[in-house]
Amino acid sequence: MRGRGYRVWVIAALLAIAGLALAAYKWRELGFPILPKAQTEVWTVEVTVSFDSGPGPIKANLYIPGLTPGFAILEENFVSRGFGFTPNYVSGGRQVQWARRRARGLQSLYYRAVIYKDPAQTESDTTPPFPAKPRLGEPFDTAIDVLIDDVRARSADAESFTEELLKRLGQPDVDQNVELLLGAAPTAAESARVAQTLLAAARIPARTIRGIYLQDQQRRAEIVPWLEVHDGTRWLYFDPLTGNQGLPDNFLLWWTGDDDLLEVDGGSDAEIRFAVQRNVMSRIDIAQRRVEESDPILNQFSLFALPIQTQAVYAVLLLIPIGAFVVVLLRNVIGLQTFGTFMPVLIALAFRETQLWWGAILFSTLVSLGLAFRFYLERLRLLLVPRLSAVLIIVVILMLALSIISHRLGFEGGLSVALFPMVIIAMTIERMSVVWEERGATEAIQQGLGSLLVAIISYAVMDLELIRHLFFVFPELLLVVLAATILLGRYSGYRLLELYRFRELAQKDD
Amino acid sequence: MFALAKTLRRRGVLGLNERNAQFIMRYNERRLYPLVDNKLLTKRLAIEADIAVPELYGVIGNQHDVRRLGDIVGDRRDFVVKPAHGTGGDGILVVTGRSARQQHLYQLANGDFISESEIEHHVSNIVSGQYSFVGTRDSAMIEYRVETDPFFAPVTFQGVPDIRVLVYKGYPIMAMVRLPTRRSRGKANLHQGAIGVGIALHDGKTLNGVLGNDIVYEHPDTDEPIGGLTIPLWQECLTLAARCHELTGLGYLGADIVLDRFNGPLILEINARPGLNIQIANRAGLQNRLSLVNDWTEELDADAKVARVCEAIAQAGTTEKAET
């Protein structure tokens with residue numbers, strides 16, 4: 001006995017852990033949302049490359065996002081009629097190479113990526129080597145030495161050194177050395193390049209990264225350079241113009257280094273345009289697409305891999321265990337009586353379609369009318385199976401009549417009566433009439449109302465959006481329901497209504 | 001609410017979940033259920049074991065045989081038709097007499113007359129399984145109608161009072177008698193308004209009755225006092241109930257016994273899932289007596305078991321009185 005109780009707890013615990021662990025994995029690692037209607041921003045970035053083709057073979061190399069701190073790529077497409085394309089990794093990140101033997105006239109190539117925020121993505125570069133000291137020749141070397149000595153005196157580490165340096169570079173009119181190196185009105189790219197040289201002179205690894213700001217509805221996004229400095233353990237990001245540290249939230253790193261974004265061999269007048277568009281997308285869709293790429297096994301055995309109609313069926317079927325669990329609670333813990341164990345669950349499923357109050361009214365009407373006919377049939381003394389069939393036929397006729405009448409009267413809700421499980425209703429009528437005759441009307445009506453109450457409660461639970469969402473996205477939670485059901489199967493305490501039933505026994509002896 | 005549950009727990013009141021988990025599932029093997037669920041089988045077993053049951057006149061097992069009803073009944077004036085797989089007294093038809101002028105008109109316990117073809121329809125309903133809780137084909141049993149012992153006449157309205165004895169591991173541990181009333185339409189079913197009356201196990205004296213949830217001192221239809229009556233042949237009733245344990249092998253059962261004026265105590269049926277109302281009728285929880293029996297491990301025969309329980313309960317009664 002004790003052994004069996006122990007086993008039940010172990011089994012329930014294993015089931016619950018398995019279900020919760022899988023759900024937690026899908027939530028934490030794959031980003032499936034716990035709450036319904038969770039949506040997240042996605043950006044569609046489109047790069048249009050156009051150029052005039054020359055007479056010979058054409059090769060176009062375009063940097064595309066590879067390592068993107070703070071963002072992940074959901075999907076990408078290459079549209080390039082007549083061109084072969086191969087994406088590959090190069091030192092500055094990722095590149096796609098479009099190639100064609102022969103082309104005529106203006107060529108347009110497109111790259112499109114759908115990108116979403118993913119804080120888990122970080123730059124995973126290894127530590128770079130210390131750079132060699134640059135030799136530019138006089139008077140630049142002296143200017144560099146003076147500037148570096150000065151900045152070094154006013155800083156403590158790579159971080160503060162860079163900040164101080166960029167501050168100086170931002171004011172070329174104050175310091176002659178800076179003006180010599182940088183010119184009077186430097187651009188961000190020039191600032192970054194000079195800062196990189198100066199940092200190299202101070203033996204601090206640095207590089208320029210380039211990217212775009214993700215903003216809504218940008219027809220022409222600009223490439224913005226950013227300075228990356230390695231402080232010995234990780235990369236730090238600096239705005240080359242202001243010296244502010246840190247990457248802006250919406251900065252999408254496109255490539256690193258000083259290479260050109262686009263190189264075209266065999267073409268001329270190359271032009272490149274960035275367009276950014278912001279959309280909202282369901283988190284489930286994003287998580288699902290990620291699973292497709294990252295976890296093929298989970299993907300193949302996922303509910304989302306089923307055809308969409310089947311998914312819709314399962315969206316309903318997955319609620320039946322919830323209904324069954326509610327029935328267990330109401331019968332074994334509360335102590336309500338029902339006709340048939342799972343009849344209320346099926347009625348509750350029908351309520352989903354008919355709406356609750358319409359459903360309750362229609363169900364009561366149907367059962368009452370059916371009962372009236374059933375009592376009349378009793379007088380005809382039919383055999384059981386023909387009588388059951390007769391009740392079933394009457395139920396169908398009543399359903400039709402109810403639909404037609406309510407339609408005539410303008411109650412469109414009455415039309416949904418057709419969604420009731422008629423066989424279940426016919427059986428309910430039959431059983432109710434037997435109880436009515438044998439145990440009296442009170443008990444029959446009591447049990448009938450009990451069934452209706454259980455149906456309404458299971459409907460209320462099954463209709464909770466959170467429940468529907470959770471069990472559709474995390475069907476493995478059914479294991480938790482199974483565990484709870486198994487545990488309830490060992491519940492041997494009083495039922496709530498028994499407290500009422502036996503209340504006399506709690507009185508003082510008379 | 002929890003306080004109420006706690007009080008009930010302290011008083012040893014058994015709940016349905018606990019009854020199912022701790023007693024029915026543990027001591028009633030499923031393979032034994034058919035022995036009691038099929039009353040025909042129970043009756044045959046009982047006859048073999050020489051346990052007194054109402055005489056079986058005949059069985060109708062298929063629709064074709066329904067017309068044999070007349071042959072089975074013959075010229076008997078009274079009989080009972082019941083489904084072999086019925087529960088809770090459903091589907092039982094009690095014929096108490098026959099019209100003097102028309103042989104095909106039968107009288108029911110409440111005085112109504114019904115025709116033979118109406119009885120045949122009822123039999124046909126039984127055979128097709130209307131009252132069977134498994135919902136499959138069933139048989140109709142036609143058997144001897146028990147005539148109430150005159151002892152019960154003052155406290156009975158129509159029908160036959162039936163004594164329910166709860167038997168645990170062969171020890172009778174609690175008993176009640178169910179008295180039919182007008183409200184219960186002559187049926188000995190507490191749900192329908194019969195009175196449940198607890199019985200002091202050791203001496204067969206009735207306690208006060210319970211009607212619904214109220215305590216009653218007199219029978220509502222006859223105004224006769226209910227409490228303090230000594231059930232005749234009580235020891236025989238207890239022994240009969242105790243023997244149902246060996247008969248069926250069930251560790252936790254309810255034996256339904258009727259007192260026939262000619263044949264004495266008869267086993268009417270045996271229930272593998274006896275209800276818990278017996279606690280209300282006795283105003284006592286079952287747990288104490290169940291655990292009392294759990295302490296007894298010796299192999300005894302039915303008579304010795306009855307004696308042992310009676311002794312223990314009589315003793316508990318006197319100590320209780322001494323304490324109060």
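Everything numeric here is computed off the predicted structure, so don't read it as measured data.

Q: What exactly am I supposed to notice about the overall build of chain A here?
A: Along the backbone of chain A there are 17 helices and 12 strands. Considering chain A as a whole, with its 510 residues, one finds that 31% of them fall into the buried category.

Q: What's the story with the overall build of chain B in this structure? I'm lost.
A: Looking only at helices and strands, chain B has 10 helices and 13 strands in total. Per-residue burial over chain B gives 47% buried out of 324 residues. Long-range pairs, those at least 24 residues apart, make up 60% of the contacts in chain B between residues at least 6 apart in sequence.

Q: Whenever I open this one, the interface of chain B and chain A confuses me. Can you help?
A: Interfaces are frequently sized by the accessible area removed from exposure as the parts join. Counting residues at the interface gives 28 residues for chain B, matched by 23 residues for chain A. Those elements giving two or more residues to the side of chain B that touches chain A turn out to be α1 (2–10), α2 (16–27), α6 (116–127) and α8 (277–282) of chain B. Residue contributions to the side of chain B that touches chain A peak at five residues, all from α2(B). Across the side of chain B that touches chain A, the residue classes tally to eight nonpolar, 16 polar and four charged.

Q: Whenever I open this one, the confidence of the model for chain A confuses me. Can you help?
A: Should pLDDT be low for a region, the predicted coordinates there are not to be read in detail. Taken as a whole, chain A shows an average pLDDT of 82; of its residues, 95% reach a score of 70 or greater. Between the elements of chain A, mean pLDDT differs from a low of 70, seen in helix α7 (residues 296–300) of chain A, to a high of 93, seen in helix α16 (residues 477–489) of chain A.

Q: Looking at this model, I keep getting lost on the nonpolar core. Mind explaining?
A: In globular proteins that are soluble, nonpolar side chains generally tend to be buried together. Residue and element names in this part refer to chain B. Counting residues in hydrophobic clusters, the biggest one holds 69 residues, and the most contacted among them are Val-165, Val-167, Ala-241, Ile-257 and Ile-267. For this core, the leading source of residues is helix α7 (residues 234–248), giving eight residues. Setting aside chain neighbours within four positions, we find Ala-241 in contact with Val-165, Val-167, Pro-172, Ala-255 and Ile-257.

Q: Looking at this model, I keep getting lost on the sheet that holds strand β5 (residues 93–100) of chain A. Mind explaining?
A: Whenever strands of a sheet pair, they do so through backbone hydrogen bonds, lying parallel or antiparallel. Residues and elements named next belong to chain A. Read from one edge to the other, the open sheet built from four strands follows the order β4-β5-β2-β11, with strand pairing classed as antiparallel. Edge positions in the open sheet fall to β4 (84–90) and β11 (262–265), since each of these has one partner strand only. Averaged over neighbouring strand pairs, the angle between their axes works out to 20 degrees when direction is ignored. As defined by bridge partners, strand β2 (residues 58–64) adjoins β5 across seven bridges and the pair is classed as antiparallel. Paired with Leu-62 across the bridge in β5 is Val-96.

Q: Please explain the pairing of strand β3 (residues 93–98) of chain B as it appears in this structure.
A: Each regular strand displays side chains that alternate between the two surfaces of the sheet. Residue and element names in this part refer to chain B. The pairing of strand β2 (residues 79–83) with β3 spans three bridges and is antiparallel. In the sheet register, Val-81 faces β3, and the bridge partner there is Leu-93. Both β3 and strand β4 (residues 105–108) contribute to a ladder of three bridges, which runs antiparallel. Following the sheet pairing, Arg-98 is matched in β4 by Tyr-106. In this antiparallel pair of consecutive strands, β3 and β4, the connection spans six residues.

Q: Is there a simple way to explain the packing of helix α11 (residues 356–380) of chain A against helix α13 (residues 422–439) of chain A in this structure?
A: All names here are of chain A. At a closest axis distance of 9 Å, the pairing of α11 and α13 adopts a crossing angle of 55 degrees. Between α11 and α13, the interaxial angle falls into the category oblique. Crossing geometry of α11 relative to α13 is assigned as right-handed. Between α11 and α13, the residues in contact are Leu-366, Val-367, Gly-370, Leu-371, Arg-374 and Phe-375 and Ile-425, Thr-428, Ile-429, Glu-430, Met-432 and Ser-433, respectively. Here the residues of the contact of α11 with α13 sort into seven nonpolar, three polar and two charged.

Q: What am I meant to see in the pairing of strand β9 (residues 235–238) of chain A here?
A: Of the strand pairs in this sheet, strand β8 (residues 224–230) of chain A and β9(A) are connected by four bridges, and their pairing is antiparallel. Bridge assignment links Val229(A) to a residue of β9(A), and that residue is Leu236(A).

Q: How do you make sense of the packing of helix α2 (residues 140–153) of chain A against helix α3 (residues 158–169) of chain A when you look at a structure like this?
A: Residues and elements named next belong to chain A. Viewed as axis vectors pointing N to C, α2 and α3 meet at an angle of 125 degrees, and their least axial separation amounts to 9 Å. The orientation of α2 relative to α3 falls into the category oblique. Two packed elements cross with a definite hand, and for α2 against α3 that hand is right-handed. Residues Leu-147, Val-151 and Arg-152 of α2 form the contact with α3, whose participating residues are Phe-161, Glu-164, Leu-165 and Arg-168. When grouped by side-chain class, the residues that make up the contact of α2 with α3 number four nonpolar, no polar and three charged.

Q: Would you mind showing me how to read helix α5 (residues 188–201) of chain A here?
A: Since there are 3.6 residues in each turn of an α-helix, residues three or four apart along the chain are aligned in direction. Residues and elements named next belong to chain A. The terminal C-alpha atoms of α5, which comprises 14 residues, lie 20 Å apart, in line with the 20 Å expected from a rise of 1.5 Å per residue. When α5 is considered as a whole, its buried residues turn out to be Ser-191, Ala-192, Val-194, Ala-195, Gln-196, Leu-198 and Leu-199. Arg-203 occupies a position one or two residues after α5 and carries a positive phi of about 60 degrees.

Q: I would appreciate a short explanation of unusual backbone geometry in the present structure.
A: Glycine aside, negative phi is the norm for most residues, and most peptide bonds take the trans geometry. Here Asp269(A), not a glycine, exhibits a phi torsion of approximately 55 degrees, which is positive. For Asp269(A), the location among the structural elements is in strand β12 (residues 267–282). Here Leu233(B), not a glycine, exhibits a phi torsion of approximately 55 degrees, which is positive. Among the secondary structure elements, Leu233(B) is positioned in the loop between β11 (214–216) and α7.

Q: What's the story with the sheet that holds strand β6 (residues 140–143) of chain B in this structure? I'm lost.
A: All names here are of chain B. Sheet architecture is open: six strands sit in the order β1-β6-β2-β3-β4-β5, paired in antiparallel fashion. Pairing within the sheet leaves two strands with one partner each, and these edge strands are β1 (56–60) and β5 (113–115). On average, adjacent strands in this sheet sit at an angle of 30 degrees to one another, irrespective of strand direction. Bridge analysis of β4 against β5 gives three bridges, and the strand direction is antiparallel. Residue pairing in the sheet places Tyr-106 in a bridge with Ile-114 of β5. α6 contacts β1, β2, β3, β4, β5 and β6 of the sheet and is inclined by roughly 75 degrees relative to β5.

Q: Sorry if this is basic, but what is going on with the confidence of the model for chain B here?
A: Residue and element names in this part refer to chain B. Per-chain confidence: chain B averages 87 in pLDDT, with 97% of residues scoring 70 or above. No element of chain B has a lower mean pLDDT than helix α10 (residues 302–323), at 77, and none a higher one than β6, at 94. Interface confidence in the predicted complex, given as ipTM, is 0.75; pTM for the same model is 0.69.

Q: What's the story with the environment of Gly359(A) in this structure? I'm lost.
A: All names here are of chain A. Positionally, Gly-359 belongs in helix α11. The class for Gly-359 is buried, based on 25 C-beta atoms found within 10 Å. Separated by 61 residues in the primary sequence, Gly-359 and Phe-420 have C-alpha atoms spaced 8.6 Å apart. With sequence-adjacent residues up to four places away left out, Gly-359 is seen in contact with Ala-350, Phe-351 and Thr-354.

Q: Just to check I follow, could you spell out the environment of Val309(B) for this structure?
A: All names here are of chain B. Among the secondary structure elements, Val-309 is positioned in helix α10. Residues Val-309 and Leu-201 lie 108 residues apart in sequence; the distance between their C-alpha atoms is 8.2 Å. Among all residues touching Val-309, those that are not within four sequence positions of it are Tyr-171, Pro-172, Ile-173 and Leu-201.

Q: Looking at this structure, I do not really get the environment of Gln215(A). What am I missing?
A: Residue and element names in this part refer to chain A. As for its placement among the helices and strands, Gln-215 is situated in the loop between β7 (206–213) and β8. Of the residues examined, Gln-215 has 12 C-beta atoms within 10 Å and is grouped as exposed. Separated by 60 residues in sequence, Gln-215 and Ala-275 place their C-alpha atoms 9.7 Å apart. The contact partners of Gln-215, leaving out residues within four places of it in the chain, are Asn-250 and Val-276.

Reading the values: rules and limits
Residues numbered from 1 in each chain as written. Chains lettered and ligands numbered in written order. Predicted model: local features only at pLDDT ≥ 70, side-chain atom pairs only at ≥ 80, totals over all residues. Helix = DSSP H or I, 4+ residues; strand = E, 2+ residues; numbered from the N terminus. Buried ≥ 20, exposed ≤ 12 C-beta atoms within 10 Å, placed from the backbone. Contact = placed C-beta atoms within 7 Å. Nonpolar A, V, L, I, M, F, W, Y, C, P; charged D, E, K, R; others polar. pLDDT = per-residue confidence, 0-100. Core = buried A, V, L, I, M, F, W, Y, C linked by C-beta atoms within 7 Å. Pairing = 2+ DSSP bridges. Axes fitted to C-alpha atoms, helices over the stretch in contact; angles between N-to-C directions. Parallel < 35°, antiparallel > 145°, perpendicular 65-115°, else oblique. Left-handed = near helix turned anticlockwise from the far one by under 90°. Expected span 1.5 Å × (residues − 1).

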